[in-house]
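What follows is each chain in one-letter form.
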Amino acid sequence: MTALEKATGDVVLKFEPFVLHVLCRELQDAQLLHSVAIDSGFRNSGITVGRGGKIMMAVRSTHCLEVPLSQNGKMMVSEEYIEFLIHVANQKMEENA
(Lines give C-alpha, C1' and ligand atoms only; values in the text may rest on other atoms or scores of the structure.)
Protein backbone atom coordinates (compact mmCIF):
# COMPACT_ATOMS: atom_id res chain seq x y z
CA MET A 1 0.00 0.00 0.00
CA THR A 2 2.89 2.38 0.75
CA ALA A 3 4.34 1.95 -2.74
CA LEU A 4 0.91 2.36 -4.30
CA GLU A 5 0.27 5.59 -2.39
CA LYS A 6 3.62 7.00 -3.60
CA ALA A 7 2.94 6.15 -7.27
CA THR A 8 2.63 9.15 -9.60
CA GLY A 9 1.44 7.31 -12.70
CA ASP A 10 -1.00 4.54 -13.49
CA VAL A 11 -0.83 1.33 -11.45
CA VAL A 12 -2.37 -1.95 -12.55
CA LEU A 13 -2.57 -5.21 -10.60
CA LYS A 14 -1.89 -7.95 -13.13
CA PHE A 15 -1.86 -11.71 -12.67
CA GLU A 16 -0.83 -13.82 -15.63
CA PRO A 17 -1.76 -17.48 -15.74
CA PHE A 18 0.26 -20.63 -16.20
CA VAL A 19 1.78 -21.13 -19.69
CA LEU A 20 3.72 -24.16 -20.90
CA HIS A 21 5.21 -24.28 -24.40
CA VAL A 22 5.99 -27.73 -25.81
CA LEU A 23 7.86 -28.27 -29.08
CA CYS A 24 6.28 -31.30 -30.80
CA ARG A 25 7.83 -33.54 -33.46
CA GLU A 26 4.55 -34.40 -35.16
CA LEU A 27 1.23 -32.62 -35.56
CA GLN A 28 -0.51 -35.69 -34.12
CA ASP A 29 1.55 -35.30 -30.91
CA ALA A 30 0.48 -31.68 -30.62
CA GLN A 31 -3.15 -32.60 -31.25
CA LEU A 32 -3.07 -35.27 -28.54
CA LEU A 33 -1.49 -32.88 -26.05
CA HIS A 34 -4.03 -30.21 -27.03
CA SER A 35 -6.92 -32.60 -26.33
CA VAL A 36 -5.46 -33.51 -22.93
CA ALA A 37 -4.93 -29.84 -22.06
CA ILE A 38 -8.49 -28.84 -23.04
CA ASP A 39 -9.96 -31.81 -21.15
CA SER A 40 -7.91 -30.78 -18.10
CA GLY A 41 -9.41 -27.28 -18.09
CA PHE A 42 -6.69 -25.33 -19.93
CA ARG A 43 -9.16 -23.74 -22.35
CA ASN A 44 -6.76 -21.17 -23.84
CA SER A 45 -4.42 -23.84 -25.19
CA GLY A 46 -3.48 -23.93 -28.85
CA ILE A 47 -1.19 -25.20 -31.59
CA THR A 48 0.95 -23.05 -33.87
CA VAL A 49 3.01 -24.13 -36.86
CA GLY A 50 5.92 -21.86 -37.79
CA ARG A 51 7.22 -21.10 -41.27
CA GLY A 52 9.93 -23.72 -40.91
CA GLY A 53 7.40 -26.35 -39.89
CA LYS A 54 8.14 -26.08 -36.17
CA ILE A 55 5.06 -27.32 -34.26
CA MET A 56 4.51 -25.61 -30.91
CA MET A 57 1.78 -26.55 -28.45
CA ALA A 58 0.94 -23.95 -25.80
CA VAL A 59 -0.87 -25.09 -22.67
CA ARG A 60 -2.56 -22.03 -21.15
CA SER A 61 -5.08 -21.51 -18.39
CA THR A 62 -7.72 -18.81 -18.27
CA HIS A 63 -6.87 -17.60 -14.77
CA CYS A 64 -5.91 -14.05 -15.67
CA LEU A 65 -6.62 -10.84 -13.79
CA GLU A 66 -5.87 -7.24 -14.74
CA VAL A 67 -7.31 -4.39 -12.69
CA PRO A 68 -6.37 -0.69 -12.70
CA LEU A 69 -5.72 0.62 -9.18
CA SER A 70 -4.67 4.22 -9.74
CA GLN A 71 -4.61 6.76 -12.54
CA ASN A 72 -2.13 9.63 -12.70
CA GLY A 73 -1.23 8.97 -9.06
CA LYS A 74 -4.84 9.07 -7.82
CA MET A 75 -6.15 5.93 -6.08
CA MET A 76 -9.24 4.65 -7.88
CA VAL A 77 -10.13 1.85 -5.44
CA SER A 78 -10.25 1.30 -1.70
CA GLU A 79 -7.68 -0.56 0.39
CA GLU A 80 -10.39 -3.11 1.19
CA TYR A 81 -10.89 -3.78 -2.54
CA ILE A 82 -7.12 -4.19 -3.06
CA GLU A 83 -7.05 -6.76 -0.24
CA PHE A 84 -9.90 -8.59 -1.99
CA LEU A 85 -8.00 -8.54 -5.30
CA ILE A 86 -4.87 -9.92 -3.62
CA HIS A 87 -6.97 -12.76 -2.20
CA VAL A 88 -8.40 -13.51 -5.67
CA ALA A 89 -4.93 -13.41 -7.27
CA ASN A 90 -3.56 -15.77 -4.60
CA GLN A 91 -6.43 -18.19 -5.25
CA LYS A 92 -5.59 -18.11 -8.97
CA MET A 93 -1.95 -18.83 -8.15
CA GLU A 94 -3.01 -21.88 -6.15
CA GLU A 95 -5.17 -23.05 -9.08
CA ASN A 96 -2.12 -22.72 -11.35
CA ALA A 97 -0.20 -25.09 -9.10
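Everything numeric in this text was worked out from a predicted model, so none of it was measured.

Next up on the list: the pairing of strand β3 (residues 46-49). Two strands pair when backbone bridges link them, and β3 and strand β4 (residues 55-60) are joined in this way by 4 bridges, in the antiparallel orientation. Directly across from Gly-46, in β4, lies its bridge partner Ala-58. Hairpin connection of β3 to β4: 5 residues between the antiparallel strands, including Gly-53 at a positive phi of 90°.

A cluster of acidic residues, Glu-5, Glu-79, Glu-80 and Glu-83, forms a negative patch on the protein surface. A total of 3 residues in the negative patch trace back to one element, the largest contributor, which is helix α3 (residues 79-96).

Moving on: the sheet that holds strand β5 (residues 65-71). Taken together, 3 strands build an open sheet; the order of strands is β1-β5-β6 and the sheet is antiparallel. Two strands close off the open sheet at either side, each with one partner strand: β1 (11-15) and β6 (74-75). Contacting β1, β5 and β6, α3 runs over the sheet at an angle of about 155° to β5.

Bringing the side chain of Lys-92 into the picture now. Note on placement: Lys-92 falls in helix α3. Buried and unpaired, Lys-92 has Glu-95 as its nearest opposite-charge partner, separated by 5.8 Å. Residues contacting Lys-92, with those up to four places away along its chain left out, are Phe-15, His-63, Cys-64 and Leu-65.

This part takes up the pairing of β4. Regular strands place side chains that alternate from one sheet face to the opposite one. Two elements, strand β2 (residues 19-24) and β4, share 6 bridges in a ladder whose sense is antiparallel. Across the sheet, residue Cys-24 finds its bridge partner in β4, namely Ile-55.

Here is what the cut-offs are and how they apply
Residues numbered from 1 in each chain as written. Predicted model: local features only at pLDDT ≥ 70, side-chain atom pairs only at ≥ 80, totals over all residues. Heavy atoms only, no water. Pairing = 2+ DSSP bridges. Helix = DSSP H or I, 4+ residues; strand = E, 2+ residues; numbered from the N terminus. Patch = residues over 30% accessible without salt bridge, like charges linked within 9 Å, V, L, I, M, F, W, Y side chains within 5 Å. Areas by Shrake-Rupley, 256 points an atom, 1.4 Å probe, with all protein chains shown as cover. Salt bridge = Lys/Arg side-chain N within 4 Å of Asp/Glu carboxyl O. Lys, Arg positive; Asp, Glu negative; His and termini not counted. Charge placed at Lys NZ, Arg CZ, Asp CG, Glu CD. Contact = heavy atoms within 4.5 Å. Axes fitted to C-alpha atoms, helices over the stretch in contact; angles between N-to-C directions. Buried < 20%, exposed > 50% of the residue type's maximum accessible area, 1.4 Å probe, protein only.

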